[in-house]
Amino acid sequence: NVIDVKVNFLTPGEQKRIQKLTEQIEKTSGFKLRVLCQSYPETPGLAIKDYWKVDDKTIVLVADKGLKGTSNILNFNVGDGLADILP
């Protein structure tokens with residue numbers, strides 16, 4: 001549920017805590033939260049959708065450092081089944 005692509009945004013301990021949190025969210029709500037940390041252009045691209053089996057009940061949080069590690073852009077990709085219930 002957590003992938004850090006060569007950017008070390010998260011320590012191993014942080015990854016474990018986020019992993020547990022995403023599992024709890026899915027267990028209690030039925031919604032999937034996935035976290036992707038990357039630094040463009042080092043990205044998994046659309047392959048991540050198949051790997052995580054992204055569907056209408058999935059939120060993908062993408063944290064991207066950018067080309068030189070200077071940007072810290074957060075992006076949320078929300079499944080159609082969640083669009084109406086999230087603010």
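This text follows the structure it describes.
Quick summary incoming for the structure in this document. (Residues numbered from 1 in each chain as written. Predicted model: local features only at pLDDT ≥ 70, side-chain atom pairs only at ≥ 80, totals over all residues. Heavy atoms only, no water.)

### Quick notes on the pairing of strand E2 (residues 32–38)
For a regular strand, side-chain orientation follows a simple rule: the groups alternate between the two sheet faces.
Move 1: With seven of seven residues buried, E2 lies mostly within the body of the structure.
Move 2: Burial along E2 is two-sided: Lys32, Arg34, Leu36 and Gln38 facing one way and Leu33, Val35 and Cys37 facing the other are all buried.
Move 3: Pairing of strand E1 (residues 2–4) with E2 involves three bridges; the strand directions are parallel. The residue bridging Asp4 from the neighbouring strand is Cys37, located in E2.
Move 4: In this fold, E1 hands off to helix H1 (residues 12–29), which returns the chain to E2; that crossover is left-handed.
Move 5: As paired elements, E2 and strand E3 (residues 58–64) share seven bridges and run parallel to each other. Of the residues in E3, the one forming a bridge with Arg34 is Val60. (Buried < 20%, exposed > 50% of the residue type's maximum accessible area, 1.4 Å probe, protein only. Helix = DSSP H or I, 4+ residues; strand = E, 2+ residues; numbered from the N terminus. Pairing = 2+ DSSP bridges. Right-handed = clockwise from strand over helix to strand, strands pointing away.)

### Observations concerning H1
Move 1: Taking 1.5 Å as the rise per residue, H1 with 18 residues should run 26 Å; its terminal C-alpha atoms sit 26 Å apart, in good agreement.
Move 2: Two residues or fewer past H1, Gly30 is found with a positive phi of approximately 85°. (Expected span 1.5 Å × (residues − 1).)

### Remarks on the side chain of Asp4
Move 1: Residue position: Asp4 is located in strand E1.
Move 2: Engagement of the side chain of Asp4 in a polar contact is seen with the backbone nitrogen of Phe9, the distance being 3.0 Å.
Move 3: The contacts of Asp4, once residues within four sequence positions are left out, are Phe9, Leu10, Gln15 and Cys37. (Polar contact = N/O pair within 3.5 Å; in protein donor to acceptor, adjacent residues only side chain to side chain. Contact = heavy atoms within 4.5 Å.)

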